[in-house]
Amino acid sequence: NTVNETVTATNPLATTEQITVTVPPQGAFTFSGTANASVPLTVVTGATLSATGTTVPVTVTDSRTGLSPNPSIPSLVNGFNGFPGWSVVGQATDFTNPTSTPVGLIPVADLNWTPATVTGDATAGAASTAGLGTAQTLASALTGHGQGTFSLSAGLNLAIPTSAPAGAYTSTLTLTANPTANFH
């Protein structure tokens, strides 16, 4: 009987490389606000001294689209069903008054916020209770959500300790957007 066999010799001077590329989603993600905006807090007198106000709104716009189904890529067998998702977090610094005697300090742990309700396909973060010294979520959209334009803000509440010397105090609130991309 005759048996046919194909033998392929490997060239010892050859090598292979896998070349990959990730195609970004179509569309754009933008995050905008008023640079160096000032938020004056209104002092509320009562049994304890406090101050309240509202952050200047920031805007998130997401028009990024998903990927088409691709049977050769296991994570894309059914395609990516929408948008990569995003989040916006905020973190503040201690309130200081360098001109008071003694120098005034109100700990950032005394500043809390309550994110405003978000309309559309995103969710407002939870109200803070331990201060804004660590990053707290203002709003977010899970993977597959978040298409559109969103105006984000939060109500602020500052508990003023009785030990704080009189004067004008300042703190810096930094808002950071994370346009999460989950294309694998």
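Before going into details, it helps to say that this report is about the structure given with it. This one's a predicted model, so the numbers in the text were calculated from it and none came from an experiment. (Residues numbered from 1 in each chain as written. Predicted model: local features only at pLDDT ≥ 70, side-chain atom pairs only at ≥ 80, totals over all residues. Heavy atoms only, no water.)

1. Details of the nonpolar core
Ranked by internal contacts, the top residues of the largest apolar core, which has 26 residues, are Trp86, Ile106, Leu111, Leu138, Leu152 and Leu158. At the level of secondary structure, the elements contributing two or more residues to this core comprise β4 (58-62), β5 (86-92), β8 (111-115), β10 (136-141), β11 (148-152) and β12 (154-159). Beyond its immediate stretch of four places on either side in the chain, leucine 152 contacts Val56, Pro57, Val58, Val60, Trp86, Val88, Val118, Leu138 and Ala139. (Core = buried A, V, L, I, M, F, W, Y, C linked by side-chain atoms within 4.5 Å. Buried < 20%, exposed > 50% of the residue type's maximum accessible area, 1.4 Å probe, protein only. Helix = DSSP H or I, 4+ residues; strand = E, 2+ residues; numbered from the N terminus. Contact = heavy atoms within 4.5 Å.)

2. Here's the deal with the pairing of β10
On any regular strand, side chains alternate: one points to one face of the sheet, the next to the other face. Across five bridges, the pairing between β5 and β10 is antiparallel. Note that in β10 the partner of valine 89 across the bridge is threonine 137. Where strand β9 (residues 123-124) lies against β10, two bridges are found, and the strand directions are antiparallel. Within the sheet, the bridge partner assigned to alanine 124 lies in β10 and is alanine 139. (Pairing = 2+ DSSP bridges.)

3. A look at the packing of aromatic side chains
Tallied over the entire structure, the rule returns one aromatic pair. Ring geometry for tryptophan 86 and phenylalanine 150: centres 5.4 Å apart, planes at 55 degrees, overall tilted. Linking tryptophan 86 in strand β5 with phenylalanine 150 in strand β11, this pair joins segments that are 64 residues apart in sequence. Here tryptophan 86 falls in the buried class, since its relative accessible area comes to 1%. Its relative accessible area of 3% is what places phenylalanine 150 among the buried residues. (Phe/Tyr/Trp six-rings, centres within 6.5 Å; stacked < 30°, edge-to-face > 60°.)

4. Some words on the pairing of strand β3 (residues 50-54)
One ladder, built from three bridges, connects strand β2 (residues 42-44) with β3; its direction is antiparallel. The residue bridging valine 43 from the neighbouring strand is alanine 51, located in β3. Where β2 folds back on β3, the antiparallel hairpin that results is connected by five residues. As paired elements, β3 and β12 share five bridges and run antiparallel to each other. By the bridge assignment for β12, alanine 51 is matched with leucine 158.

5. As for the sheet that holds β5
Backbone-to-backbone hydrogen bonds pair the strands of a sheet. The strands run either parallel or antiparallel. If you walk across this open sheet you meet the four strands as β9-β10-β5-β13, and the pairing is antiparallel. Each of the sheet's edge strands pairs with one partner strand only, and the pair in question is β9 and β13 (173-178). As defined by bridge partners, β5 adjoins β13 across six bridges and the pair is classed as antiparallel. For valine 88, the partnering residue across the bridge sits in β13 and is alanine 177.

6. Thoughts on the side chain of serine 128
Structurally, serine 128 is set in the loop between β9 and β10. There is a polar contact of 2.8 Å between the side chain of serine 128 and the backbone nitrogen of tryptophan 113. With sequence-adjacent residues up to four places away left out, serine 128 is seen in contact with Asn112, Trp113 and Gln136. (Polar contact = N/O pair within 3.5 Å; in protein donor to acceptor, adjacent residues only side chain to side chain.)

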